[in-house]
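Notes for the structure review
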Amino acid sequence: HSFPTRRSSDFIIPTILDLLDISTEPYDMDGSSLVPAIEAGKVEGRLAYSENLQEWETEENALRQSLRTDEFHFLRNLHDGSEEWYEASTDPGERKNIISLVQIYRKRELLDLRKVMNDKLLKGASSNKQWSDEERSKIKDRLRRLGYTS
């Protein structure tokens, strides 16, 4: 099967384990198996997460989180607290940031996505890093100061 969607690689290991009939429950995985989508013949509502937490990168690329679906691309810049939102169907080149409209008309969805990002950041999603209590405290404090949590 071929799925005309944006791709993320977080499904590879869960899919292989699912095909081998090995449960992923004991493991803290970001992705999920594609076996149900393969069996159904379609993929719907998949949320792809990525992050760059390298402070030595250029400022525009450093400390950035991203969530993407077939419908939108939501970015959060942790170095300055700014956010970006691009609609995939009307702005595939990501030239018009409509975060101000999303903050008004899709506020609940935006809050839910911020929570997903907060959870992934606190969990050390991409790096499999285990944060110390001090690091977790600093992350929570920074998220609070940037207005992402209360």
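Residues numbered from 1 in each chain as written. Predicted model: local features only at pLDDT ≥ 70, side-chain atom pairs only at ≥ 80, totals over all residues. Heavy atoms only, no water.

1. A look at the sheet that holds strand 1 (residues 48-52)
Applicable threshold: Two strands qualify as a pair provided DSSP detects at least 2 bridges between them. Strands are runs of DSSP state E lasting at least 2 residues, helices are runs of H or I lasting at least 4, and numbering of each runs from the N terminus. Axis definition: a line fit to C-alpha positions, over the contact stretch in the case of helices; interaxial angles, taken between N-to-C directions, run 0 to 180 degrees. Only heavy atoms matter for contacts: two residues are in contact if any of them lie within 4.5 Å across the pair.
An order of 1-2-3-4 is seen for the four strands of this open sheet, with the pairing classed as antiparallel. Looking at strand neighbours, the two that pair on one side only are strand 1 and strand 4 (82-87), the edges of this open sheet. When the angles between neighbouring strand axes are averaged without regard to direction, this sheet yields 10 degrees. In the sheet, strand 3 (residues 72-77) pairs with strand 4 via six bridges, with the strands oriented antiparallel. Among the inter-strand pairings, Phe 72 is bridged to a residue of strand 4, identified as Glu 87. Contacts between helix 4 (residues 107-123) and the sheet are confined to strand 1, strand 2 (64-68), strand 3 and strand 4, with strand 3 contributing the most and set at about 55 degrees to the helix.

2. Examining unusual backbone geometry
Keep in mind that most residues, glycine aside, have a negative phi and that most peptide bonds are trans. The residue Asp 21 is not glycine, and still its phi comes out positive at about 60 degrees. With respect to the secondary-structure elements, Asp 21 resides in the loop between helix 1 (12-19) and helix 2 (35-40).

3. With respect to the side chain of Gln 65
Test applied: Under the rule applied, a polar contact is a pair of N or O atoms within 3.5 Å (in protein, one hydrogen donor and one hydrogen acceptor; residues adjacent in sequence only if both atoms are side-chain atoms).
Of note, Gln 65 is situated in strand 2. Polar side-chain contacts of Gln 65 include one of 2.8 Å to the side chain of Tyr 49. A polar side-chain atom of Gln 65 sits 2.7 Å from a polar atom in the side chain of Arg 76.

4. Looking at the nonpolar core
Inside soluble globular proteins, nonpolar side chains tend to come together where they are buried. Stated formally: Residues belong to one nonpolar core when they are buried, are Ala, Val, Leu, Ile, Met, Phe, Trp, Tyr or Cys, and are joined through side-chain atoms within 4.5 Å. Only protein chains enter the area calculation, which uses a 1.4 Å probe; residues under 20% of their type maximum are buried, those over 50% are exposed, and those in between are partly exposed.
In terms of nonpolar packing, the biggest core is built from eleven residues, these being Tyr 49, Leu 67, Phe 72, Phe 74, Trp 85, Ile 98, Ile 99, Val 102, Leu 110, Leu 113 and Met 117. Of all elements in the fold, only strand 3, helix 3 (99-105) and helix 4 reach the threshold of two or more residues within this core. With three residues, the top contributor of residues to this core is helix 4. Dropping the residues within four chain positions of it, Ile 98 is found in contact with Trp 85 and Glu 87. Of all hydrophobic cores here, the second largest spans six residues; its members include Leu 63, Leu 122, Ile 139 and Leu 143.

5. As for a nonpolar patch on the surface
Which entries qualify depends on this criterion: Patches here are clusters of residues that have more than 30% relative accessible area and form no salt bridge, with a 9 Å joining cutoff for like charges and a 5 Å cutoff for nonpolar side chains (Val, Leu, Ile, Met, Phe, Trp, Tyr). Computed with a 1.4 Å probe, the accessible areas rest on the Shrake-Rupley method; for each residue, only the protein chains presented here act as cover. Salt bridges are defined as contacts in which a side-chain nitrogen from Lys or Arg sits within 4 Å of a carboxyl oxygen from Asp or Glu.
A contiguous nonpolar patch, built from Ile 12, Ile 13, Ile 16, Leu 20 and Ile 22 and spanning about 440 Å² of accessible area, is present on the exposed surface. Examined against the element boundaries, Ile 16 turns out to sit in helix 1.

6. Topic: the packing of aromatic side chains
As a reminder of what qualifies: Here a Phe, Tyr or Trp ring, Trp counted by its six-membered ring, pairs with any other such ring whose centre lies within 6.5 Å, and the pair is stacked when the planes are under 30 degrees apart, edge-to-face when over 60, and tilted otherwise.
Considering all chains together, one arrives at two aromatic pairs under this definition. With centroids separated by 4.4 Å and ring planes inclined at 20 degrees, the aromatic side chains of Phe 72 and Trp 85 adopt a geometry described as stacked. Within this pair, whereas Phe 72 is found in strand 3, its partner Trp 85 is found in strand 4, the two being separated by 13 residues in sequence. Judged by centre distance (5.6 Å) and plane angle (45 degrees), the rings of Phe 74 and Trp 85 are tilted. Taken together, the positions of Phe 74 in strand 3 and Trp 85 in strand 4 put the pair eleven residues apart, joining distant regions of the chain. Accessibility classification places Phe 74 together with Trp 85 in one group, the buried group.

7. Structural notes on the pattern of salt bridges
Should the charged atoms of two oppositely charged side chains come close, the side chains can pair. According to the stated counting rule, one finds seven salt bridges in the structure shown. Arg 64 serves as the salt-bridge partner of Glu 84, at 3.3 Å between the closest nitrogen and oxygen. Within this pair, whereas Glu 84 is found in strand 4, its partner Arg 64 is found in strand 2, the two being separated by 20 residues in sequence. Glu 84 gets classed as buried once you look at its relative accessible area, which sits at 16%. Between Asp 119 and Lys 115 there is a salt bridge whose closest N-O contact spans 3.0 Å. Residue Asp 119 and its partner Lys 115 are located together in helix 4, separated by four residues, close to a single helical turn. Classification of Asp 119 as partly exposed rests on a relative accessible area of 39%. Shared partners join several salt bridges into a network, and the residues in it are Glu 87, Arg 106 and Glu 109.

Geometric values such as these leave the question of function open.
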